[in-house]
Amino acid sequence: MVLSQDILKSIKIDAAQAASLNREELTDLVVAQIADQAGIQIPQDVVEQEADVLLRGYSSQRRYQGMASGHYMDVLLELQRDWQQLSDHFQAQAAAELRAEQVIQSIIESEHLSVTREELLDEAVKMARRQNVPIDEVKQFFGEDLQLLERDVLQKKARDFILNCAAVQPET
């Protein structure tokens, strides 16, 4: 799927709404609007698979927290009681995340975005500073060539591109 420039240019965000969101939230809003405008649909079985992964991860995390806090049975009862509501929540989250991934991947492809070695190194240095660890430790984790960081940097570039294309409308 290739997104047309018309779709990207048609995205308009109210200035008041934009001011109330951080950059990531604003980008998520724009990406969701693009997915809506482009009519992106994800097959239900794919959404259900992703939702199942999310739900199982959440369930495992909650059970572990219950064991650690001595409230394992309470957590099990809570999960059992709320299972359908949680399932519905993770279905919606999975659908939104999968649609967003399609938008991001389409932008990467249509805009021919790429990542240079310098950009990977720059991101690794920033990460090392944020984590207060030596750059060699980051390289050890991601590999000396830092290729495991490439997807993250590409997605960030695509998200920045998308946000730059969105028109923030003045309050009326």
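In what follows, the structure referred to is the one given above.
This section reports on the structure supplied with the text. What you see is a predicted model; the values in this text were computed from it and never measured.

1. A short note on the overall build of the chain
Part 1 of the argument: If you tally the helices and strands in the chain, you get 8 helices and 2 strands.
Part 2 of the argument: For 172 residues, the compact-globule estimate of 2.2 N^0.38 gives 16 Å, and the chain exceeds it by more than 25% at 20 Å.
Part 3 of the argument: Oriented by its inertia axes, the alpha-carbon framework of the chain measures out at about 50 × 45 × 35 Å.
Part 4 of the argument: Pairs at least 24 residues apart make up 75% of the contacts formed inside the chain by residues separated by at least 6 positions.
Part 5 of the argument: A total of about 11,100 Å² of accessible surface is found on the chain, and carbon and sulfur atoms cover 50% of it.
Part 6 of the argument: Across the chain, the 17 positively charged side chains and the 30 negatively charged ones have centroids separated by 3 Å.

2. Comments concerning the packing of helix α4 (residues 44-69) against helix α5 (residues 72-110)
Part 1 of the argument: Two numbers describe how α4 lies on α5: the axes approach to 8 Å, and their chain directions differ by 145°. When you trace α4 past α5, the crossing you get is right-handed.
Part 2 of the argument: The residue inventory of the contact of α4 with α5, partitioned by class, reads 17 nonpolar, 6 polar and 6 charged.

3. What to know about a nonpolar patch on the surface
Part 1 of the argument: Residues Y64, M67, Y72 and M73 make up a contiguous nonpolar surface patch of about 470 Å² in total accessible area.
Part 2 of the argument: Broken down by secondary-structure element, the contributors of at least two residues to the nonpolar patch are α4 and α5.
Part 3 of the argument: With respect to the element layout, M67 can be found in helix α4.
Part 4 of the argument: For M67, a relative accessible area of 53% puts it in the exposed group.

4. Remarks on α5
Residues spaced three or four apart along an α-helix face the same direction, because each turn holds 3.6 residues.
Part 1 of the argument: In a regular helix each residue adds 1.5 Å, so 39 residues correspond to 57 Å; α5 covers only 49 Å between its end C-alpha atoms and thus falls short of that length.
Part 2 of the argument: Of the residues trailing α5, H112 is marked for its positive phi of about 55°.

5. Thoughts on the pattern of salt bridges
Working definition: two side chains of opposite charge can pair if their charged atoms are close together.
Part 1 of the argument: Tallied over the full model, the rule gives 11 salt bridges.
Part 2 of the argument: The closest approach of N and O atoms between D82 and R81, which form a salt bridge, is 2.9 Å.
Part 3 of the argument: Between E144 and K139 there is a salt bridge, with its nearest N and O atoms 3.8 Å apart.
Part 4 of the argument: What makes K139 buried here is its relative accessible area of 15%.
Part 5 of the argument: Here the residues in one salt-bridge network are R23, K156 and D160, joined through shared partners.

6. As for the side chain of R62
Part 1 of the argument: With respect to the helices, strands and loops of the structure, R62 is situated in helix α4.
Part 2 of the argument: A polar contact is formed between the side chain of R62 and the side chain of E78, at a distance of 3.2 Å.
Part 3 of the argument: If sequence neighbours within four positions are ignored, R62 has contacts with V75, E78 and L79.

The rules behind these values
- Residues numbered from 1 in each chain as written.
- Predicted model: local features only at pLDDT ≥ 70, side-chain atom pairs only at ≥ 80, totals over all residues.
- Heavy atoms only, no water.
- Helix = DSSP H or I, 4+ residues; strand = E, 2+ residues; numbered from the N terminus.
- Rg over C-alpha atoms; globule rule 2.2 N^0.38 Å.
- Contact = heavy atoms within 4.5 Å.
- Areas by Shrake-Rupley, 256 points an atom, 1.4 Å probe, with all protein chains shown as cover.
- Lys, Arg positive; Asp, Glu negative; His and termini not counted.
- Charge placed at Lys NZ, Arg CZ, Asp CG, Glu CD.
- Axes fitted to C-alpha atoms, helices over the stretch in contact; angles between N-to-C directions.
- Left-handed = near helix turned anticlockwise from the far one by under 90°.
- Nonpolar A, V, L, I, M, F, W, Y, C, P; charged D, E, K, R; others polar.
- Patch = residues over 30% accessible without salt bridge, like charges linked within 9 Å, V, L, I, M, F, W, Y side chains within 5 Å.
- Salt bridge = Lys/Arg side-chain N within 4 Å of Asp/Glu carboxyl O.
- Buried < 20%, exposed > 50% of the residue type's maximum accessible area, 1.4 Å probe, protein only.
- Expected span 1.5 Å × (residues − 1).
- Polar contact = N/O pair within 3.5 Å; in protein donor to acceptor, adjacent residues only side chain to side chain.

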